[in-house]
Amino acid sequence: MNLMDMSITSLQEQYMEMRDDLKELVLELLNHAVWAPNHRNREPWRFIYITGGEKPDFLNQKAPAHLVITMRNDSNTLKQNEDLAAVFCLIQNLTLLAWDKQLGVRVSFYEWMFDRNYCRKLGVPDKERIVAVLDLGFYSVIPEAPFKPSAALKWSFL
Amino acid sequence: MSLESLIRERRTVRKFNNLPVSEALVKSLLQKSEQLCPHDGESQWRYVYVGTDEARERLSGYISEKVLESRIARLTLSKVIESYQRRFLKIPAYLIAIADTDHDPIKNEEIYGTICRILQNFQLLSWEQQLGMAWITEPIIQNELFYKRIGLKEGERFVGMLEIGYFDKSPKARARTTADRYWTDSVYQ
Ligand SMILES: Cc1cc2nc3c(=O)[nH]c(=O)nc-3n(C[C@H](O)[C@H](O)[C@H](O)COP(=O)(O)O)c2cc1C
């Protein structure tokens, strides 16, 4: 299927289910997703996979598994923004690939992401920061999306 | 083309041919890009498009303006700047993406993340139409003077400038590190 013909709806947590091959599939899809554009091929992304019993209570979105996406810090703001952008490109790649395999990816942000102590608890090294937490799960039912007419682009000319 | 191939084979294109780019096509690809990234509420990002000779001329002036502020640069770099400007004038279309900022760090991250994801969709959808682009963030366009020229407002941030056009040759890929090298299983007890 062409990407042009694909459509994606927001997933609700109650549809997300575990399957034995979830981790393998995520790794397989990530190997495609790392082809995201990233400036000077810095590959700023790192992944921490969390599932079931290992889950801390502050990770309170319901999902069978989570992928914490981190990136290396850079003292240069421009580079930091480029790297952040590249990581979001990778997240989008993964979201598209996963949708095709009935694997839902929800992108979550938490206040504690910006707190070193919490990051340490998750095993994030001090030279890295958390970009987002992906909530992962298979869905057997594709939720009906209410029809939303596409919003007009905010468009202007130089 | 499968989604896997599309994602792996998309390349950043820096050399374009002379085929014109249709603004209507860019808009429809962007619209689809936004749909493929569901989000709540009104969009907190906007686009500035450059597609006419006149606008290209203006943009290319803005890009070199910062360098030309320096008298030494004017004297020693004038040839370089001229060739730079000629290159900028030949690029069929530009799309500048601008996002709102927010005092709440979560909101701020979410807005920036969403527009970056939309731009990735746009790169992929364009590749499917044989339309190439380069996402540019060079320091030469990331300074207060350039921001002012493109109309960046207080409370907004520059996300990127995409150079867009058709191309004759697809650039070579640079290999990527496999994901398992960057993967850890949770250590949380
Ligand atoms: C946020 C971001 C900023 C970038 N900035 C530039 C840039 O300023 N100049 C440039 O030539 N390429 C830029 N690129 C393109 C990358 O250099 C390119 O993605 C990388 O070399 C990998 O090549 P590929 O996109 O063909 O896979 C940027 C890419 C991203 C995602």
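Conventions adopted
- Residues numbered from 1 in each chain as written.
- Chains lettered and ligands numbered in written order.
- Predicted model: local features only at pLDDT ≥ 70, side-chain atom pairs only at ≥ 80, totals over all residues.
- Heavy atoms only, no water.
- Helix = DSSP H or I, 4+ residues; strand = E, 2+ residues; numbered from the N terminus.
- Rg over C-alpha atoms; globule rule 2.2 N^0.38 Å.
- Buried < 20%, exposed > 50% of the residue type's maximum accessible area, 1.4 Å probe, protein only.
- Contact = heavy atoms within 4.5 Å.
- Lys, Arg positive; Asp, Glu negative; His and termini not counted.
- Charge placed at Lys NZ, Arg CZ, Asp CG, Glu CD.
- Areas by Shrake-Rupley, 256 points an atom, 1.4 Å probe, with all protein chains shown as cover.
- Axes fitted to C-alpha atoms, helices over the stretch in contact; angles between N-to-C directions.
- Left-handed = near helix turned anticlockwise from the far one by under 90°.
- Nonpolar A, V, L, I, M, F, W, Y, C, P; charged D, E, K, R; others polar.
- Near = heavy atom within 4 Å.
- Polar contact = N/O pair within 3.5 Å; in protein donor to acceptor, adjacent residues only side chain to side chain.
- Phe/Tyr/Trp six-rings, centres within 6.5 Å; stacked < 30°, edge-to-face > 60°.
- Lys NZ or Arg CZ within 6 Å of the ring centre and 35° of its normal.
- UniProt positions renumbered as here; feature names shortened; annotations may be inferred.
- Pairing = 2+ DSSP bridges.
- Salt bridge = Lys/Arg side-chain N within 4 Å of Asp/Glu carboxyl O.

To continue, consider the overall build of chain A. Along its length, chain A carries 3 helices and 5 strands. Relative to its length of 158 residues, chain A is compact, with a C-alpha radius of gyration of 17 Å against a globular reference of 15 Å. Taken over the C-alpha atoms alone, chain A extends approximately 55 × 45 × 30 Å along its principal axes. Residues counted as buried form 56% of the 158 residues belonging to chain A. Partitioning the contacts of chain A with sequence separation of at least 6, the portion at a separation of at least 24 is 75%. Placing the 18 positive and 20 negative side-chain charges of chain A at their respective mean positions leaves the two points 6 Å apart.

A word on the overall build of chain B. Each helix and strand in chain B was counted, giving 7 helices and 5 strands. Across chain B, helices and strands are ordered from the amino to the carboxyl terminus as α-α-β-α-α-α-β-α-β-α-β-β. Dimensions of chain B, computed from the C-alpha atoms along their principal axes, are close to 65 × 45 × 35 Å. When the 189 residues of chain B are sorted by exposure, 52% land in the buried category. For chain B, the exposed area adds up to about 9,500 Å²; of that, 49% sits on carbon and sulfur atoms.

This part covers the packing of helix H2 (residues 77-99) of chain A against helix H6 (residues 105-128) of chain B. Where H2(A) contacts H6(B), the axes come no closer than 8 Å and their chain directions differ by 60°. Relative to H6(B), H2(A) is oriented so that their crossing is right-handed. When H2(A) is examined against H6(B), the residues Asn81(A), Glu82(A), Leu84(A), Ala85(A), Phe88(A), Cys89(A), Ile91(A), Gln92(A), Asn93(A), Thr95(A) and Leu96(A) are found in contact with a partner set consisting of Glu109(B), Tyr112(B), Gly113(B), Cys116(B), Arg117(B), Gln120(B), Asn121(B) and Leu124(B). Here the residues of the contact of H2(A) with H6(B) are counted per class, giving 9 nonpolar, 7 polar and 3 charged.

Turning to its location among the elements, Lys32(B) is positioned in helix H2 (residues 23-35). Taking the C-alpha atoms as reference points, Lys32(B) and Ser83(B), 51 residues apart in sequence, are found 36 Å from one another. Residues in contact with Lys32(B), not counting those within four places in the same chain, are Leu3(A), Met4(A), Asp5(A), Met6(A) and Leu125(B).

We now examine the site of the ligand. Neighbouring the ligand are 15 residues; Thr12(B), Arg14(B), Trp135(B), Glu138(B) and Arg176(B) lie closest to it. Each of chains A and B places residues next to the ligand. In this structure, Thr12(B) approaches the ligand through a side-chain N or O atom, which is 2.5 Å from an oxygen atom. One of the side-chain N or O atoms of Arg14(B) is found 2.7 Å from an oxygen atom in the ligand.

Right, let's get into unusual backbone geometry. All names here are of chain A. Phi at Arg 40 takes a positive value of approximately 55°, unusual for a residue other than glycine. Tracing the backbone shows Arg 40 in the loop between helix H1 (22-33) and strand E1 (45-51). Backbone geometry places Gln 102, a non-glycine residue, at a positive phi of 60°. With respect to the helices and strands, Gln 102 occurs in the loop between H2 and strand E3 (103-108). Its relative accessible area of 36% is what places Gln 102 among the partly exposed residues.

Moving on, we come to the packing of aromatic side chains. What the rule picks out here adds up to 12 aromatic pairs over all chains. On the numbers, 6.3 Å between centres and 50° between planes, the contact of Trp155(A) with Tyr47(B) is tilted. Of this pair, Trp155(A) sits in strand E5 (residues 155-157) while Tyr47(B) sits in strand E1 (residues 45-50), which puts the two residues in different chains. Residue Trp155(A) shares its accessibility class with Tyr47(B), and that shared class is buried. Three or more aromatic residues joined by ring pairs make a cluster, and in this case those are Phe58(A), Tyr110(A), Trp112(A) and Tyr118(A). Taking the ring centre of Phe138(A) as reference, the NZ or CZ of Arg19(A) above it sits at 3.7 Å.

Turning our attention to the UniProt feature "domain: Nitroreductase" (unreviewed entry) in chain B. As annotated in UniProt, the feature "domain: Nitroreductase" (unreviewed entry) corresponds to residues 7-166 of chain B in the numbering used here. Across residues 7-166 of chain B, the secondary structure splits into 51% helix and 19% strand, with the terminal C-alpha atoms separated by 18 Å.

A sheet is described by the order of its strands in space; here 5 strands give the open sequence E5(A)-E1(B)-E2(B)-E4(B)-E3(B), paired in mixed fashion. Each end of this open sheet is capped by a strand with a single partner; those strands are E5 of chain A together with strand E3 (131-136) of chain B. On average, each strand axis in the sheet is inclined to that of its neighbour by 25°, with strand direction left out of account. Relative to E1(B), E5(A) runs parallel, the two being bridged by 3 bridges. Looking at the pairing, Phe157(A) lines up with Tyr49(B) of E1(B).

For the structure on display, the rule yields 16 salt bridges over all chains. Note that Arg120(A) and Asp126(A) form a salt bridge whose closest N and O atoms lie 2.9 Å from each other. When its relative accessible area of 45% is taken as the criterion, Arg120(A) is described as partly exposed. Among the salt bridges present, the one from Arg149(B) reaches Glu65(B), with a minimum N-O distance of 2.5 Å. Residue Arg149(B) is located in helix H7 (residues 144-149), and its partner Glu65(B) is located in helix H3 (residues 53-68); the two are separated by 84 residues in the primary sequence. Through salt bridges with shared partners, one network takes in Arg42(A), Glu82(A) and Asp83(A).

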